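Okay, here's what each chain looks like letter by letter:
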Amino acid sequence: MLYLSQVLGRPIRDLEGERVATIKDVIVRLGADDHPPVTGLVARYRRRDFFLSRWRVSELNQQGVRLNSDILDLRPFVRREGEVLLARDVLDKQLIDVDGKRVVRVNDVQIIETSNDWRVTGADVSLQGLWRRLAPHGFVGTARAVEVLDWADVGYLATDAATVQLKSSSDKLSRLHPVEIARLAEALSYHHGSEVVESLDDETAAETLEEMPPEHQVRILGDMDEERAADILEWMSPDEAADVLGDLPEEKAEELLGLMEGEEQADVAELLPYEDDTAGGLMTTEFVTLPRALTVGEALARLRDMAETPNMIYYLYVVEAEESWRLRGVIALRSLILADPKMPLEDVMRTEFQRATVDEPANEVAQRIAEYNLLALPVVDDSEEILGIITVDDAMEILLPKDWRQRVPKLFG
Amino acid sequence: MAERRAAVRAAGRRLMRRGARGVRRTVGGRQRLLMILAVLGPGMITANAGNDAGGVATFASVGAEFGYSLLWILIPITISLGVVQEMCARMGAVTGKGLADLIRERFGVRWTALVMLALLIANAGVTVSEFVGIAAATELLGVTRFVSVPMAAILVWWLVVKGTYQRVERAFLLMSLVFLGYIVSAFLARPEWSSVAWGLVTPTFKLQHAFLFTFVAIVGTTISPYMQVYVQSSVVEKGVTADDYSKTRTDVWVGTIFAIVIVFFIVVSTGATLHKAGIHVDSAAEAASALRPLAGRYAESLFAIGLLGASMLAAGVLPLATAYSISEALGFEKGVSRSFREAPIFLGTFTFLVAVGAAIAIIPNLPLIRVLLVTQVINGLLLPVVLFTVMRLVNDRELMGEQVNGNLHNLAAWLTTIIVTGLSVLYILITIFPGITRLFG
């Protein structure tokens, strides 16, 4: 087993043991492998950098490199696609540890020699790793076991080398809960945070964005390729998407809205006109309405047949007739399931229920939701037509004090 | 649901037009809000955090000792402070990373360890000065520091670790506004404005130990190493990006000028009262007496409240910021919500700084004002390490792209760096070999 810090700066010797150059960096190809192979070295000779293929290397250890021939082909070093330089791009940089769900800094890189090549097996994130590099050469610290992070758990490498982000690493990230992905992305710099979100698939990216503060949603989507941003917006819940569009510059918002698919576009567009701090600004358009003439059994059948059910189906909203929006009553899913399938909805629904008007202050509505222990509250216009619903999670965001929600305390003021 | 969607789609076009109106409205509202926030941005807060216990003590003694004759320093120091703060704020906005992060990523472990050590020493010094400030303030109010300092240390530690520090922060900030009283006091003391103006435009320099000591202390207290780390972190924390950086630049310069204006009036009011009367500032009571033209016999209480607020504020923030920087740079777990087992280095550093600060401040018969000045000198001496690092980072094109320093900016920044370094070296030489001044005749 070898550490990067033990190799850097060591001599490169030819067959006769003559020192011909020094090791400046180790090149690794990131790919589908969990443990990426070493493809070559950057050799430094007379203040210039040369590429040394791994096929020319017969030994790589703490004493340095032994070449397998006397002929030294001095090709200048050029980075190829998918290649990372361990010293330059990995050492001292941050990465996401998918297993530990945290952002760590790489103190050293572990390399293991296998039957026919060298592979990067892990990132040393321990104090010992730091000490190994701080202390003079040959000075060995404690023999305590070091904490090495398996390279297979690296979800994202926060480096500025643009070409190295990989599909496989975003798959690893997707295994995490969007709340965790959001938290990890926020711990990185804003460039890298955006990169993390962009590397996810549309659905996960949308869910992750929903867990971020509005300013960050706006920045990330605003800087993204428009087509991609529109795709992600379609996956977001309409109320969140409308909030983001409302915060973007006007031209950008209209462009993104224009790029969205018909249905999602209409859902979002409907929410845009309402002010942020009113019930209209808080509501979402994802809800289920059922005509009052239906029986309980028909209603349940209709729910089952629905192509996509909204997140919030704990309440079903009973309207006057098909194509009508006149709100007549509310049924909790629980009562629907428990009721006799032959009963008409009219007899099961509650006609006395809490509702909000579109221009009611958001704060009051949120308080009402908390007070009555509701999961959602319908929003109606002057003629009692339902426009949307406000769900309890959006209400909570208003009610909870800001610093309570940020579990990691802010550094300054 | 399907019916509903169909109906909505039909209305889609019309709604889109309505939507655009909504967009316009919200955007308008947001910009107004940003304008207001810009006034109290990171630059403003950081520059004025410099006017803490050490700052007030330094400038009060400058005014008392040298009258108006050192006022001229304020002009170059405004430029230097602004230039240095602006570079760090810009790095924060462009890279989205803190100073400690950047040092680690660009210069590796050894240089990071060196800078962090310098920062740790400098910040330990400043933390000591904050607790000394608490001691001085409470003694003016009639409470012995053997009671007040340990209590303050426990309170600060507890508030920060419990995560409730932010709630009381504002109270401390309000208390420290008392120092604005120096502005009024300066006018009420009726200084000869012509000599004030003369002092502001005629540079004087003496190659003496006392003079250099004061000089380095002024530099150290105005351009403290922690402020660079602090301003960059808060810019990152606030989520400022390269695109909306221009507001932050304004904020940094406005904050710098505002902070120096307060310093100016501290020097003028102490110059007009203490210097005239030939009083040296050896204790907090003497520094307070410069507020007499404003507050009469309440001057001491007023001064004590301001000093206590400013010191309590920094006594919490500074050890915390240091612990964050060090953990960040060396990659340790950080955050006050962690336990000692999870984040030993982070909480250890924080606790160590608070404990050391408080322990030194309760040493019996400690010459408080002198200690305050010495800690500022340590700051000044360690500043070159940070400044050189900042200069290398900010001119790194790979990091900053087009946002590297311009020529004029580089000139001012390098002049600052070289002069500060020169002063530090000179001061160290003069301290070790007192006879050296004779060489210059």
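Residues numbered from 1 in each chain as written. Chains lettered and ligands numbered in written order. Predicted model: local features only at pLDDT ≥ 70, side-chain atom pairs only at ≥ 80, totals over all residues.

Let us look at the overall build of chain A. Across its full length, chain A holds 19 helices and 21 strands. Against the compact-globule benchmark of 22 Å for 413 residues, chain A has a radius of gyration of 29 Å, which places it well outside the compact range. Here the C-alpha coordinates of chain A stretch approximately 95 × 45 × 45 Å along the principal axes. The buried share among the 413 residues of chain A stands at 42%. Taking the intrachain contacts of chain A between residues at least 6 apart in sequence as the baseline, contacts between residues at least 24 apart amount to 59%. (Helix = DSSP H or I, 4+ residues; strand = E, 2+ residues; numbered from the N terminus. Rg over C-alpha atoms; globule rule 2.2 N^0.38 Å. Buried ≥ 20, exposed ≤ 12 C-beta atoms within 10 Å, placed from the backbone. Contact = placed C-beta atoms within 7 Å.)

Each pair of packed helices can be described by the angle between their axes along with the distance between the axes. Residue and element names in this part refer to chain A. Where helix α10 (residues 238–247) contacts helix α12 (residues 262–271), the two axes come as close as 8 Å, and the packing angle between them is 65°. Regarding α10 and α12, the two cross each other, and that crossing is right-handed. On the side of α10, the interface is formed by Pro238, Asp239, Ala241, Ala242 and Leu245, while α12 contributes Asp267, Val268 and Leu271. (Axes fitted to C-alpha atoms, helices over the stretch in contact; angles between N-to-C directions. Left-handed = near helix turned anticlockwise from the far one by under 90°.)

How big an interface is tends to be reported as the loss of accessible area on association of its parts. The assigned domain composition of chain A is domain 1 (2–153), domain 2 (176–273) and domain 3 (289–399). The C-alpha centroid of domain 3 of chain A is placed 61 Å from the C-alpha centroid of domain 1 of chain A. (Domains from an automatic or database assignment.)

Attention now moves to the pairing of strand β4 (residues 38–45) of chain A. All names here are of chain A. By the bridge criterion, six bridges tie strand β3 (residues 19–29) to β4 in an arrangement that is antiparallel. Paired with Thr22 across the strands is Arg44, a residue of β4. Between β4 and the antiparallel strand that follows it, strand β5 (residues 48–53), lie two residues; Arg46 among them carries a positive phi value of about 50°. (Pairing = 2+ DSSP bridges.)

Note: strands within a sheet are paired through backbone hydrogen bonds, in either parallel or antiparallel orientation. Residue and element names in this part refer to chain A. Across the sheet, three strands lie side by side as β11-β10-β15; this open sheet has antiparallel pairing. Two strands bound the open sheet, and with one partner strand each, they are β11 (102–105) and β15 (154–158). The mean angle between the axes of side-by-side strands here comes to 25°, regardless of whether they run parallel or antiparallel. Relative to β15, strand β10 (residues 94–97) runs antiparallel, the two sharing four bridges. Its bridge partner being in β15, Leu95 is matched across the sheet by Leu157.

Another aspect to go through is the environment of Met91 of chain B. All names here are of chain B. By secondary structure assignment, the location of Met91 is in helix α4 (residues 74–95). Here the alpha-carbon distance between Met91 and Thr241, two residues 150 residues apart in the chain, equals 9.8 Å. Setting aside chain neighbours within four positions, we find Met91 in contact with Leu102, Gln232, Leu393 and Val394.

A separate point is the pairing of strand β21 (residues 386–391) of chain A. All names here are of chain A. Within β21, six of the six residues are buried, which leaves the element mostly enclosed by the surrounding structure. Bridge analysis of strand β20 (residues 376–380) against β21 gives five bridges, and the strand direction is antiparallel. Bridge assignment links Ala376 to a residue of β21, and that residue is Thr391.

Residues and elements named next belong to chain B. Its 17 residues place the ends of helix α6 (residues 145–161) 23 Å apart at the C-alpha level, agreeing with the 24 Å of an ideal helix rising 1.5 Å per residue. Of all the positions in α6, only Arg145, Ser148, Val149, Ala152, Ala153, Val156, Trp157 and Val160 are classed as buried. In an axial view of α6, the angular spread of the buried residues amounts to 155°, which keeps them on one side of the axis. In α6, the exposed positions angled more than 90 degrees off the buried face are occupied by Phe146, Val147, Ile154 and Trp158. Trailing α6 by a residue or two, Gly163 shows a phi angle of about 75°, which is positive. (Expected span 1.5 Å × (residues − 1). Arc of directions from axis to C-beta.)

Residue and element names in this part refer to chain A. On the basis of which strands lie adjacent, the open sheet formed by three strands has the order β19-β20-β21 and mixed pairing. Of all the strands in the sheet, just β19 (356–357) and β21 have a single pairing partner and so form its edges. Across the sheet, helix α17 (residues 362–371) touches β19, β20 and β21, and the angle it forms with β20 is around 140°. Most of the contacts of helix α18 (residues 392–399) go to β21, to which it runs at about 60°, and overall it touches β20 and β21.

This part is about the nonpolar core. Phe131, Val132 and Leu307 of chain B are the most contacted members of the largest nonpolar core, which has 141 residues in total. The leading source of residues in this core is helix α15 (residues 299–330) of chain B, at 20 residues. Not counting chain neighbours up to four residues away, the residues in contact with Val132 of chain B comprise Ala53, Ala361, Leu368, Val371 and Leu372 of chain B. If you look at the next biggest cluster of nonpolar residues, it comprises 79 residues, including Ile96, Val98, Ala123 and Met236 of chain A. (Core = buried A, V, L, I, M, F, W, Y, C linked by C-beta atoms within 7 Å.)

Excluding glycine, a negative phi dihedral is what most residues carry, and trans is how most peptide bonds are arranged. All names here are of chain A. If you check the backbone angles, Arg47 has positive phi at about 60° while not being a glycine. Tracing the backbone shows Arg47 in the loop between β4 and β5. For Asp92, which is not glycine, the phi torsion reads 70° and is therefore positive. Tracing the backbone through its elements, the reader meets Asp92 in the loop between α2 (86–90) and β10.

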